[in-house]
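Here is how the chains run, residue by residue.
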Amino acid sequence: MKKSLLSAALLGLAGLAEAGVVVKNVPYEIDGQPFEGKLVYDDAISEPRPGLLMVPNWLGVTDASAEKAARAAGDKYVVFVADMYGKSIRPSNADEAKQAATTVRSDRALMRKRAQAAVEVLKGQTSQVALDTANLGAIGFCFGGGTVLELARSGAPLKAFVSFHGNLDTPNPADANNIKAPVLVLHGADDPAVPPAQVDGFEAEMKAAKVDWQLVSYGGAVHSFTDPLANTPGSNQYHPLVAARAFKAMNNLLDEVFE
């Protein structure tokens, strides 16, 4: 990581501490295999808040994903960052991340199982934080956005599913008939990782299943537009204005669905 990007990440973590945001490591198991996610919330709030499962990008559970979770949480939500790879797998670069993500993406049953297990871990955090388990949703970024859509297709009983610059493809489009809640896709119109044909396929899938869905396509945005560390023009690049609009769209939907 370039020095300037590392400095930005460290400044972000310092900001979390100043804001009173709590980040707790949460160990758990799936089929006897150790996993570890992060519980993120503002400890200044004592009333029960809705919970969000957050599936991070292909780098997995990192300090940067905790910072992203804190941005999503604000003072409105409790966020659990899911570990999709296992505690022993912590990618340190794009090649390792691609390998780890490909292993999960190539087995959608495994992807769904791990996401569903993380939802159960989130539900179990009531002893750690005031959590309204009747109001839960899921959000994801890049690889995580695609994972959240697969969680929706599995029929998970959550109240909303939000994908930020995530992949939209699925091997079983008919599984969209299982979706039980609104779906919001926040997409960069110029994202080379999610070409128009994939967008068209997703829209056809949602229409065929009569899902309550929205797809917002942001002009001038490419992949990873919410990631302050993304800096590859034309491919993966942070777009602060679009990021702010996307988080606002997320909050608008969650305000609507949470009681």
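Thresholds applied
- Residues numbered from 1 in each chain as written.
- Predicted model: local features only at pLDDT ≥ 70, side-chain atom pairs only at ≥ 80, totals over all residues.
- Heavy atoms only, no water.
- Helix = DSSP H or I, 4+ residues; strand = E, 2+ residues; numbered from the N terminus.
- Rg over C-alpha atoms; globule rule 2.2 N^0.38 Å.
- Buried < 20%, exposed > 50% of the residue type's maximum accessible area, 1.4 Å probe, protein only.
- Contact = heavy atoms within 4.5 Å.
- Areas by Shrake-Rupley, 256 points an atom, 1.4 Å probe, with all protein chains shown as cover.
- Salt bridge = Lys/Arg side-chain N within 4 Å of Asp/Glu carboxyl O.
- UniProt positions renumbered as here; feature names shortened; annotations may be inferred.
- Pairing = 2+ DSSP bridges.
- Axes fitted to C-alpha atoms, helices over the stretch in contact; angles between N-to-C directions.
- Parallel < 35°, antiparallel > 145°, perpendicular 65-115°, else oblique.
- Nonpolar A, V, L, I, M, F, W, Y, C, P; charged D, E, K, R; others polar.
- Core = buried A, V, L, I, M, F, W, Y, C linked by side-chain atoms within 4.5 Å.
- Phe/Tyr/Trp six-rings, centres within 6.5 Å; stacked < 30°, edge-to-face > 60°.

Attention shifts here to the overall build of the protein chain. Along the protein chain, the regular secondary structure elements total seven helices and ten strands. For 259 residues, the compact-globule formula gives about 18 Å, and the C-alpha radius of gyration of the protein chain, at 17 Å, lands near that figure. Projected onto its principal axes, the C-alpha coordinates of the protein chain cover approximately 45 × 40 × 35 Å. Per-residue burial for the protein chain yields a buried fraction of 52% across its 259 residues. Restricting the contact set of the protein chain to residue pairs at least 6 apart, pairs at least 24 apart contribute 67%. Entry remark: accessible area of the protein chain is about 11,400 Å², with carbon and sulfur atoms responsible for 52%.

A few words on the pattern of salt bridges. The final tally for this structure, using the stated rule, is twelve salt bridges. Its salt-bridge partner being R90, residue D83 comes within 3.3 Å of it at the nearest N-O pair. Since its relative accessible area comes to 1%, D83 is described here as buried. A relative accessible area of 30% means that R90 is categorised as partly exposed. Put simply, E150 and R112 hold a salt bridge, and the shortest N to O gap is 2.9 Å. Here R112 lies in helix α4 (residues 108-123) and E150 lies in helix α5 (residues 143-153), a separation of 38 residues in the sequence. The two residues E150 and R112 agree in class, both being buried.

The sites that UniProt annotates as "domain: Dienelactone hydrolase" (unreviewed entry) are residues 46-257. Overall, residues 46-257 shows 39% helix and 20% strand. The separation of its end C-alpha atoms is 21 Å.

This part covers the sheet that holds strand β6 (residues 161-164). In a beta sheet, neighbouring strands are held together by backbone hydrogen bonds and run either parallel or antiparallel to one another. The mixed open sheet is built from eight strands, whose spatial order is β1-β2-β4-β3-β5-β6-β7-β8. The open sheet has two edge strands, β1 (21-30) and β8 (213-218), and neither has a second partner. This sheet shows a mean twist of 20° between the axes of neighbouring strands, independent of strand direction. By the bridge criterion, ten bridges tie β1 to strand β2 (residues 33-42) in an arrangement that is antiparallel.

Glancing now at the packing of helix α2 (residues 63-73) against helix α7 (residues 240-257). Two elements in contact, α2 and α7, have axes whose closest approach is 10 Å; the angle formed by their N-to-C orientations is 55°. With respect to α7, the element α2 is oriented oblique. Residues K68, R71 and A72 of α2 form the contact with α7, whose participating residues are A243, A244, F247 and M250. Here the residues of the contact of α2 with α7 sort into five nonpolar, no polar and two charged.

On to the side chain of S224. Among the secondary structure elements, S224 is positioned in the loop between β8 and β9 (231-232). Judged by its relative accessible area of 7%, S224 is buried. Look past the residues within four positions of S224 in its chain and what remains in contact with it is C142, H165, A230, N236, Q237 and Y238.

In this structure, L53, F80, L151, F161 and V183 are the most contacted members of the largest nonpolar core, which totals 49 residues. Sort the elements by how many residues they give to this core and α4 lands first, with seven residues. Dropping the residues within four chain positions of it, F161 is found in contact with A138, V148, L151, A152, A156, A181, P182, V183 and L184. With 31 residues, the next largest nonpolar core counts M54, Y218, F225 and V242 among its residues.

A complete count under the given rule lists nine aromatic pairs for this structure. Consider the rings of F141 and F247, whose centres lie 6.2 Å apart with planes at 40°: the pair is tilted. One end of the pair, F141, is in strand β5 (residues 131-141); the other, F247, is in helix α7, and 106 residues separate them in sequence. Both residues of the pair, F141 and F247, count as buried. A network of ring pairs unites the aromatic residues Y28, F35 and F80 as a single cluster.

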